[in-house]
Amino acid sequence: MALLFIDGFDHYDPQALDPFGDPWLARGKADYLSPQATRIAGRRPSSYALRLPAGPGGGYVKNLSAGVNNLIVGAAVRVAPFENATLMPVLLGVRKANGSVMTFVSLCEDGRIGLYLNDQRISKSNISAPVRGWHYIEMQASSSTGSIIVRVNGVLAIYQTMVYALETGGPLLTAFLGAVPGAYCPVTVDVDDLYLADVGGPINSTFLGDVRVDALQVQGDGSLNQWTVEGASSAWAAVSDGNEATAIRAATAGLRQTFDVAPLPAMSAPAIHGVQLTMLARKTDAGNGRVRGLVASGAQTAVSADLVLQEQLAWHTAMFEGNPNGNVQWTEAAFNAAEFGVESA
C-alpha cells in the first residue's frame, strides 16, 4: 500500500473536553498533538483546519509503521507573520528511527523555502511561500537513496541528493508538522489536507499534488447489520448523533456492520486516491479488544488489519487505497455505491 494516512481535521475538535475537563487530544488521529492546538476554519467553505500556535507544546506528530524507507509528506500550510528571528517556521518533516536525524522544510527569513538537516540548512529554493496565504508543500525523503525532493504548489523547489545522514540510522520513524518533535513551536502554523504516502506501493507512488480531504458522514444503515444497537432506533443513528450514550456493540468476533455514506461533494472530475475509514471506538471489557475496517463494493468485501482498541474512546483509521471490486482505483460512482463499516475481531 502506498497511501498510508490522511487527515483533513474536519471531524474532530482537539479542544473537546474529557471527563476531567481537559482537552481530549487522544481523539485526534495524531500520535502526539500540541495541547495548544485548536480547530479553525479550513481553506474551503464549511471545512476545518488545525492551528499549531507558537510557543511550548510542539506540533503534530504521526508515527509510521516499521520499515518505511521512502515517504512523501504533503500538507496545505499557512504561516502567520513573524519577525526575522533565529527560529524559522517549521512546515513539515520526517525523523529517522534512531531519533538523531531529522530533515524538515522551513520558511526562511526572506520568505523562500529552506531545507534543513537537523539544525543546519542544506538547501534554499528560489520559490517563495508568502505568509498569510495557503501553500501546498510536499516533501519526499528516501533513507535508501539519501535524496530529498520538495515541491511547493506543484512546482519543484528543492532536489537534494546524497544526504549521507539520511541514508544511515535505519528507516523513517515519524512525520511531523509545525515543530520538530519535542521542541518549541517557533511560529504559528495552520495545516490542512495532510497525506502520507509510501512511494514503494503499486499506486499513489509519486506526488499527489494539492489534494483535498473530505470527511463524509454515514447517512443510513447498510446491507450488513449484525452489531447490537444501544440507545437508538438504528445503527447509523447511534454512530452519527455525537451522543456517547448511543452506540453499537459486538460481543463476538466476525460480526459485520456496514453503512451508507454521504456522496462525494460535487467536483468536475474527481480523482480518488484512497478512502480512509475513521472509527471512534473503545473496548468494554478486559483483555484484547480489536476491530477491523470493512468495505463492501459490489459483490466484494475487504477488511483492514486488526485495530487494537483502548479503554477510552479514540479514533482509529483503516485505509482502502483501491476498490476491492476489481482491485482498481476508486471512481466517484463506485465510491458512492459502496458501503463502509466495521467487523469485530
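Bear in mind that the values here come from a model prediction, so they are computed numbers and not experimental data.

Thresholds applied
- Residues numbered from 1 in each chain as written.
- Predicted model: local features only at pLDDT ≥ 70, side-chain atom pairs only at ≥ 80, totals over all residues.
- Heavy atoms only, no water.
- Helix = DSSP H or I, 4+ residues; strand = E, 2+ residues; numbered from the N terminus.
- Buried < 20%, exposed > 50% of the residue type's maximum accessible area, 1.4 Å probe, protein only.
- Pairing = 2+ DSSP bridges.
- Core = buried A, V, L, I, M, F, W, Y, C linked by side-chain atoms within 4.5 Å.
- Phe/Tyr/Trp six-rings, centres within 6.5 Å; stacked < 30°, edge-to-face > 60°.
- Lys NZ or Arg CZ within 6 Å of the ring centre and 35° of its normal.
- 1 Å grid on protein atoms, 1.4 Å probe; cavity = no way out; pocket = protein on both sides within 12 Å on 5 of 7 lines; lining within 4 Å.
- Points joined across faces, edges and corners; volume = space filled by probe spheres on them.
- Nonpolar A, V, L, I, M, F, W, Y, C, P; charged D, E, K, R; others polar.
- Contact = heavy atoms within 4.5 Å.
- Polar contact = N/O pair within 3.5 Å; in protein donor to acceptor, adjacent residues only side chain to side chain.

1. Some thoughts on the environment of leucine 313
- On the secondary structure map, leucine 313 appears in the loop between strand 23 (307-308) and strand 24 (314-320).
- On the basis of relative accessible area, leucine 313 is assigned to the buried category, the value being 14%.
- On a C-alpha basis, the gap between leucine 313 and leucine 208 in space is 32 Å, while along the polypeptide they are 105 residues apart.

2. Looking at the sheet that holds strand 5 (residues 60-68)
- Strand order across the open sheet formed by 7 strands is 2-5-14-7-8-9-10, with antiparallel pairing between neighbours. The sheet is open, and its two edges are formed by strand 2 (32-33) and strand 10 (120-128), each paired on a single side.
- Relative to strand 14 (residues 172-177), strand 5 runs antiparallel, the two being bridged by 5 bridges. Note on strand 14: the bridge partner recorded for valine 61 is phenylalanine 176.

3. Section: the nonpolar core
- Tyr60, Leu71, Val105, Ile113, Met139, Val150 and Leu194 are the most contacted members of the largest nonpolar core, which totals 47 residues.
- Ranked by residues supplied to this core, first place goes to strand 6 (residues 70-79) with 5 residues.
- Leu277, Val291, Phe340 and Val342 belong to the second largest nonpolar core, which has 24 residues in total.

4. A short note on unusual backbone geometry
- Located in the positive-phi region is phenylalanine 9, a residue other than glycine, with phi close to 65 degrees.
- By the secondary structure assignment, phenylalanine 9 is in the loop between strand 1 (3-7) and strand 2.
- Of note, asparagine 204 is a non-glycine position whose phi angle comes to about 50 degrees, a positive value.
- By the element assignment, asparagine 204 lies in the loop between strand 15 (189-198) and strand 16 (218-225).

5. Concerning the packing of aromatic side chains
- Applying the stated criterion across every chain, the model contains 5 aromatic pairs.
- Their ring planes at 80 degrees and their centres at 6.4 Å tell us that tryptophan 330 and phenylalanine 335 sit as a pair that is edge-to-face.
- We classify tryptophan 330 as buried; its relative accessible area is 3%.
- A centroid spacing of 5.8 Å and a plane angle of 45 degrees characterise the contact between tryptophan 330 and phenylalanine 340, whose relative ring orientation is tilted. With tryptophan 330 in the loop between strand 24 and helix 3 (332-337) and phenylalanine 340 in strand 25 (residues 339-344), this pair connects stretches of sequence that are 10 residues apart.
- Each residue in the set Trp330, Phe335 and Phe340 is aromatic and connected to the rest through ring pairs, giving one cluster.
- The positively charged end of arginine 39 is found above the aromatic ring belonging to tyrosine 48, 4.0 Å away from the centroid.
- The ring of phenylalanine 5 carries lysine 62 above its face, with NZ or CZ at 4.3 Å from the centroid.

6. Description of the layout of surface pockets
- Quantified by volume, the second largest pocket comes out at close to 770 Å³.
- For the second largest pocket, the lining is made up of 30 residues, of which Phe5, Lys62, Asn63, Leu307 and Thr317 are closest to its centre.
- Breaking the lining of the second largest pocket down by element, the ones donating at least two residues are strand 1, strand 2, strand 5, strand 15 and strand 24.
- A per-element tally of the lining of the second largest pocket places strand 24 first, with 6 residues.
- In the lining of the second largest pocket, the residues fall into 17 nonpolar, 8 polar and 5 charged.

7. Observations regarding the environment of tyrosine 116
- As for its placement among the helices and strands, tyrosine 116 is situated in strand 9 (residues 112-117).
- Excluding its chain neighbours within four sequence positions, the residues that come into contact with tyrosine 116 are Met88, Met102, Thr103, Phe104, Ser106, Arg121 and Ile122.

8. Some thoughts on the side chain of aspartate 7
- Looking at where aspartate 7 falls in the secondary structure, it is placed in strand 1.
- Reaching out from aspartate 7, the side chain makes a polar contact with the side chain of tyrosine 12 at a distance of 3.1 Å.
- Side-chain polar atoms of aspartate 7 contact the side chain of tyrosine 60, separated by 2.9 Å.

9. Some points on the pairing of strand 9
- In terms of burial, strand 9 is a largely internal element, 5 of the 6 residues being buried.
- Where strand 8 (residues 102-107) and strand 9 come together, 5 bridges link them in antiparallel fashion. Among the inter-strand pairings, valine 105 is bridged to a residue of strand 9, identified as leucine 115.
- Taking the residues that link successive antiparallel strands as the turn, the strand 8-strand 9 hairpin has 4 residues, and the phi of glycine 111 there is positive, at about 90 degrees.
- The sheet contact formed by strand 9 and strand 10 spans 5 bridges and is antiparallel. Counted as the bridge partner of leucine 117 is glutamine 120 from strand 10.

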